[in-house]
Amino acid sequence: MPRSLFFALLLAAAPVSSQDLTVSHVAGSIHMINGQGGNIGVSVGADGFLMVDDKFAPLADQIRALLQDLGEGDLEFLLNTHFHGDHTGGNAEFGAETPIIAHHNVRARLTTEQQRGDRITPPAPPAAWPVITFAEALSIHFNGEEVRVLHVPHAHTDGDALIFFTGSNVIHMGDTFFNQRFPFVDMDSGGAVDGVLAAGRAVLAQANPETRIIPGHGPVASPSDLETYLRMIEETRAAVASGIDAGHSLEELQAAGAGDEWATWGDGFISTDRWIATLHRDLTE
Ligand SMILES: [Zn+2]
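Here, residues in each chain are numbered from 1, in the same order as that chain's written sequence. Reporting of local features is limited, given that this is a predicted model, to residues whose pLDDT is at least 70; pairs of side-chain atoms are given and counted only at 80 or more, and all residues count toward the totals for whole chains, interfaces and linings.

S.K.: Whenever I open this one, the environment of His172 confuses me. Can you help?
M.R.: Within the secondary structure, His172 sits in strand S13 (residues 170–172). Residues with at least 20 other C-beta atoms within 10 Å of their own are called buried, those with 12 or fewer are called exposed, and the rest are partly exposed. The C-beta atoms themselves are positioned from the backbone. For His172, a count of 31 C-beta atoms within 10 Å corresponds to the buried category. Think of it this way: any DSSP run of H or I at least four residues long counts as a helix, any run of E at least two long counts as a strand, and we number them from the N terminus.

S.K.: For this particular structure, what's the right way to read the pairing of strand S4 (residues 48–52)?
M.R.: Within a regular strand, the side chains alternate between the two sheet faces. With four of five residues buried, S4 lies mostly within the body of the structure. Strand pairing requires that DSSP identify at least two bridges connecting the strands. With five bridges joining them, strand S3 (residues 40–45) and S4 adopt antiparallel strand pairing. Among the inter-strand pairings, Val44 is bridged to a residue of S4, identified as Phe49. The loop that links S3 with its antiparallel partner S4 comprises two residues. Pairing between S4 and strand S5 (residues 75–79): four bridges, direction parallel. Within S5, the residue paired with Met51 across the bridge is Leu78. Once the chain exits S4 it traverses helix H2 (residues 60–70) before rejoining the sheet at S5, and the crossover so formed is right-handed. Crossover handedness is defined here as right-handed if the route from the first strand over the helix to the second strand goes clockwise, with the strands pointing away from the viewer.

S.K.: Sorry, what's going on with the sheet that holds strand S11 (residues 145–152) here?
M.R.: Hydrogen bonds between backbone groups are what pair the strands of a sheet, and the pairing can be parallel or antiparallel. Read across the open sheet, the five strands follow the order S10-S11-S12-S13-S14; overall the sheet is mixed. Each edge of the open sheet carries a strand with a single partner, namely strand S10 (137–142) and strand S14 (212–214). Geometrically, the sheet is characterised by an average inter-axis angle of 20° between neighbouring strands, direction not taken into account. When S10 meets S11, the two strands line up antiparallel, connected through six bridges. Paired with Leu138 across the strands is Val149, a residue of S11. Each axis is a line fitted through C-alpha atoms, and for a helix only the stretch in contact is used; angles between axes span 0 to 180 degrees, taken between their N-to-C directions.

Okay, here's the thing in structure tokens:
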């Protein structure tokens, strides 16, 4: 192949803009929409659509078009895995047409001003507010399966939900799971590293080797990918803990890095330095 043609094909295959979304079948009734923002999970079938998370408001029309390509019917339910804007930004668009379901604390945070460091986020508009909220768990019976929604306390935030599509054997973990990258743990919003580990273990307890796991960010995962993620957290946390015990400063720990095995895990939203700082704060506060 001529070199110029090769590059022309390469360019043609690349997304034309960062807002391009793609949809892929995960298993059973469940599809995933990836691209900008958190991963969306969607159940498609005779009852219509049930969607988990909704990225950013400007992507709503693109998401609607992708749903129409997948099947027929209405969007009957929208679940939020947690309150962050890259997972709930479309709420104001979709909330006018469908009930939004989330943990109590998601509603509490979306209805009030939020502050994280210097960053202030105003309350979301009322159309974006969850109208059905829960403390621990609820089930939706939809498209021939039980969709079990389970709160895990103090994990990525204080309002995380895991979504088990029990018939399709798919689990959406929201941002309690960043596949193949260091995670963001929002400690200013009730998150904690122990809770992230507990969420992962709760999923592994329900999973079998065929289970497909949708992470908040990154590609669809297997239970063994999730085990690797939990081992990464445990091993890097143990290294930071022993460094603290040995009297090293945060800067010294960051200079030492997180180890060769995790060298590419800091290429995403959370750099290696930021992950080490997260572990340091989690262990010392
Ligand atoms: Zn998040």
